[in-house]
Amino acid sequence: MLMKQSALYKNLLLSNLELEMYNPTTRKIVLLNILLYISSLLLGFFTLYNVFIDEAYYIALIDFMAFVGAVYALIDMRIRGDIKRASLIATLDIFLLMIALVYVIKGQDFTLIWTVFLPIFAIFINGSKIGSVVTIVFYSIIFTIAYNGLGVWQDGAWNYAAFIRLIAASIGLSFITYFFEQSLENAYSELAESRQSEKNYVQNLEMCSITDPLTQLYNRRYLDVQFKQKFNKAKENNSYYALFILDLDKFKEYNDTYGHIAGDNVLQSVAKVLQNSMRREADSTFRLGGEEFCALFMADEHAKIIESVRNVRQNIENLHIPHIRSTFGSITASFGICIINDFETKNLDKMYKIADDNLYEAKENGRNCIVGEKKISVL
């Protein structure tokens with residue numbers, strides 16, 4: 001289910017990307033946009049301040065380059081739609097900015113306080129794993145620079161006590177940020193698994209509602225849906241469209257002789273023949289109930305329709321399942337088929353009736369045969 005957002009919200013905070021509700025990416029991209037907007041405004045302000053007020057041109061250049069990087073990340077995300085790339089660009093931009101400021105300003109003007117925001121930015125935007133790696137590399141550089149400034153920075157006021165406080169505060173806040181993000185990721189992961197389980201459950205329910213539990217073929221209820229879809233497809237392609245019904249010959253006698261368990265095994269074997277014989281995307285097979293099966297299919301030539309149904313009949317006979325009460329000595333099937341190439345009328349009941357009448361005639365003609373294969377019907 002897609003979130004419904006205003007055009008302004010979608011443009012400013014989602015970079016015009018279509019995102020699903022409860023998607024963890026949604027939180028990250030909103031946060032990334034907010035942080036980039038804030039960073040761009042602050043960096044733009046400090047660039048102007050350092051040029052016109054403080055006349056610190058070198059610092060202004062650093063701020064301006066970081067400003068360009070933040071704006072580029074915003075634009076790139078909207079053009080490419082690649083959130084991971086934009087996150088890495090933004091992180092690298094802030095990463096380099098912080099290191100440059102610490103190195104140049106040497107702890108003056110509360111510069112070191114700003115460094116605590118990098119881990120928050122990196123971990124929230126890039127995730128706990130990548131963000132932690134970035135944080136470790138970042139503080140390795142910052143602490144090295146700060147250590148070399150002991151007794152020098154801030155006119156000598158930067159000492160071991162101040163250095164230890166920086167380390168403790170930085171590591172402590174980084175751990176808090178890491179575990180907070182990790183807990184969110186775990187929650188999202190559990191939610192995703194729960195949603196997937198629910199989705200699979202619903203799909204299984206839907207599948208159970210349209211399939212026969214014994215043979216796993218579609219059931220009679222789903223025949224109506226498939227008929228309409230394939231009718232429209234056949235009409236679009238001007239194909240021959242066919243529906244056949246097959247009925248296993250003397251199946252009641254088979255059950256009486258061999259038992260219902262053996263009868264169920266026969267039904268499953270016949271279902272596999274149908275599945276294997278009619279496996280194209282354009283083919284659909286059904287169990288109507290009892291020993292009756294059905295298929296919907298299409299072909300660009302009448303001869304291919306005939307070939308398909310004859311293959312199914314022959315493949316059932318080739319199972320060679322003994323049936324001592326059958327004239328043929330094994331399990332066979334009779335077929336009634338309706339073939340159309342005129343799509344003025346969409347009428348499953350009429351097409352089914354034609355196939356059923358032909359099936360009855362096949363039974364009357366001695367069974368194990370096909371009736372209606374050479375005739376093109378009009379609904």
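Here, the structure is the one placed above.
We now turn to the structure provided with this report. (Residues numbered from 1 in each chain as written. Predicted model: local features only at pLDDT ≥ 70, side-chain atom pairs only at ≥ 80, totals over all residues. Heavy atoms only, no water.)

This part is about the packing of aromatic side chains. The geometry of an aromatic ring pair comes down to the distance between the two centres and the angle between the two planes. A complete count under the given rule lists 23 aromatic pairs for this structure. Summarising the aromatic geometry, the rings of Phe231 and Tyr241 are spaced 6.1 Å apart at their centres and angled 75° between planes, so their arrangement reads as edge-to-face. Linking Phe231 in helix α9 (residues 220-237) with Tyr241 in strand β2 (residues 240-248), this pair joins segments that are 10 residues apart in sequence. The class of Phe231 is buried, set by a relative accessible area of 1%. An aromatic cluster of at least three residues, connected via ring pairs, comprises Phe95, Phe138, Tyr139, Phe143, Tyr147 and Phe163. Positioned over the ring face of Tyr103 is Lys106, at 5.1 Å from the centre of the ring. One cation-aromatic arrangement involves Arg220 over Tyr352; the distance from NZ or CZ to the ring centre is 5.3 Å. (Phe/Tyr/Trp six-rings, centres within 6.5 Å; stacked < 30°, edge-to-face > 60°. Helix = DSSP H or I, 4+ residues; strand = E, 2+ residues; numbered from the N terminus. Buried < 20%, exposed > 50% of the residue type's maximum accessible area, 1.4 Å probe, protein only. Lys NZ or Arg CZ within 6 Å of the ring centre and 35° of its normal.)

A few words now on the pairing of β2. Of all the 9 residues making up β2, 8 are buried; the element is thus mostly covered by neighbouring parts of the structure. Across 8 bridges, β2 lies against strand β4 (residues 292-299) in antiparallel orientation. Directly across from Tyr240, in β4, lies its bridge partner Ala299. Here 8 bridges tie β2 to strand β5 (residues 333-340), and the two strands are oriented antiparallel to one another. Residue pairing for β5: Asp247 is matched across the bridge by Ser334. (Pairing = 2+ DSSP bridges.)

Right, let's get into helix α8 (residues 160-210). Here α8 contains 51 residues, and its C-alpha end-to-end distance of 74 Å stays within 8% of the 75 Å for a straight helix at 1.5 Å per residue. Within α8, burial applies to Ala162, Phe163, Leu166, Ser170, Ser174, Thr177, Glu181 and Ile210. Buried-residue contacts for α8 involve α2 (24-53), α5 (111-114), α6 (117-126), α7 (128-148), β1 (218-219) and α9. N-cap assignment for α8: the residue whose side-chain oxygen lies 3.3 Å from the backbone N of Ala161 is Asn159. (Expected span 1.5 Å × (residues − 1). Contact = heavy atoms within 4.5 Å. Polar contact = N/O pair within 3.5 Å; in protein donor to acceptor, adjacent residues only side chain to side chain.)

With that settled, consider the sheet that holds β4. Strand pairing in a sheet is mediated by backbone hydrogen bonds. Such pairs are either parallel or antiparallel. Sheet architecture is open: 6 strands sit in the order β1-β3-β4-β2-β5-β6, paired in mixed fashion. With one partner strand each, in any of the chains shown, β1 and β6 (370-371) form the two edges of the open sheet. Alignment of β1 against strand β3 (residues 284-289), held across 2 bridges, turns out to be parallel. Within β3, the position partnered with Tyr218 by the bridge is Phe286. Strand contacts of helix α11 (residues 260-277): β2, β3 and β4, with the helix running at about 160° to β2, the strand carrying the most contacts. (Axes fitted to C-alpha atoms, helices over the stretch in contact; angles between N-to-C directions.)

Attention shifts here to unusual backbone geometry. Look at Gln216: it is not a glycine, yet its phi comes out positive at around 65°. Secondary-structure assignment places Gln216 in the loop between α8 and β1.

Looking at the element boundaries, Ile62 is found in helix α3 (residues 57-80). Looking at Ile62, the relative accessible area reads 13%, which means it is buried. C-alpha of Ile62 to C-alpha of Ile376: the two residues are 314 residues apart in sequence and 81 Å apart in space. When near neighbours in sequence (up to four residues on either side) are disregarded, Ile62 contacts Leu97, Ala100, Leu101 and Val104.

This part takes up the pattern of salt bridges. With the rule as written, the count across this model stands at 13 salt bridges. The partner of Arg27 in a salt bridge is Glu181, with the nearest N and O atoms 3.0 Å apart. In this pair, Arg27 sits in helix α2 while Glu181 sits in helix α8, placing the two residues 154 residues apart along the sequence. Between Lys353 and Asp357 there is a salt bridge whose closest N-O contact spans 2.8 Å. Remark: Asp357 and Lys353 occur in helix α13 (residues 348-364); sequence separation between them is 4 residues, near one turn of the helix. You can call Asp357 partly exposed: its relative accessible area is 37%. Connected through shared salt-bridge partners, Asp76, Arg80 and Arg85 make up one network. (Salt bridge = Lys/Arg side-chain N within 4 Å of Asp/Glu carboxyl O.)

This brings us to the side chain of Arg313. Topologically, Arg313 is positioned in helix α12 (residues 302-317). Note on Arg313: relative accessible area 15%, which makes it buried. Within the local environment of Arg313, its side chain forms a polar contact with the side chain of Asn368, the two groups lying 2.8 Å apart. Excluding residues within four positions of it along the chain, Arg313 makes contact with Ala333, Phe335, Asn368, Cys369 and Ile370.

Once that is clear, we can look at the packing of α2 against α8. Taken N-terminus to C-terminus, the directions of α2 and α8 make an angle of 145°; their axes are 10 Å apart at the nearest point. Two secondary-structure elements touch here, α2 through Pro24, Arg27 and Lys28 and α8 through Glu181, Leu184, Glu185 and Tyr188. For the contact of α2 with α8, the class distribution of residues is 3 nonpolar, no polar and 4 charged. (Nonpolar A, V, L, I, M, F, W, Y, C, P; charged D, E, K, R; others polar.)

So, on to the nonpolar core. Considering soluble globular proteins, one finds that nonpolar side chains tend to be buried as a cluster. Within the largest apolar cluster, 35 residues are counted, with the highest numbers of intra-cluster contacts made by Leu32, Leu36, Leu118, Phe138, Ile142, Trp153 and Trp158. Elements represented by at least two residues in this core include exactly α2, α3, α4 (83-105), α6, α7 and α8. Setting aside residues no more than four positions away along its own chain, Phe138 makes contact with Phe95, Met98, Ile99, Thr115 and Leu118. Core analysis: the second largest hydrophobic core is formed by 30 residues, Ala242, Phe293, Ala295 and Ile339 among them. (Core = buried A, V, L, I, M, F, W, Y, C linked by side-chain atoms within 4.5 Å.)

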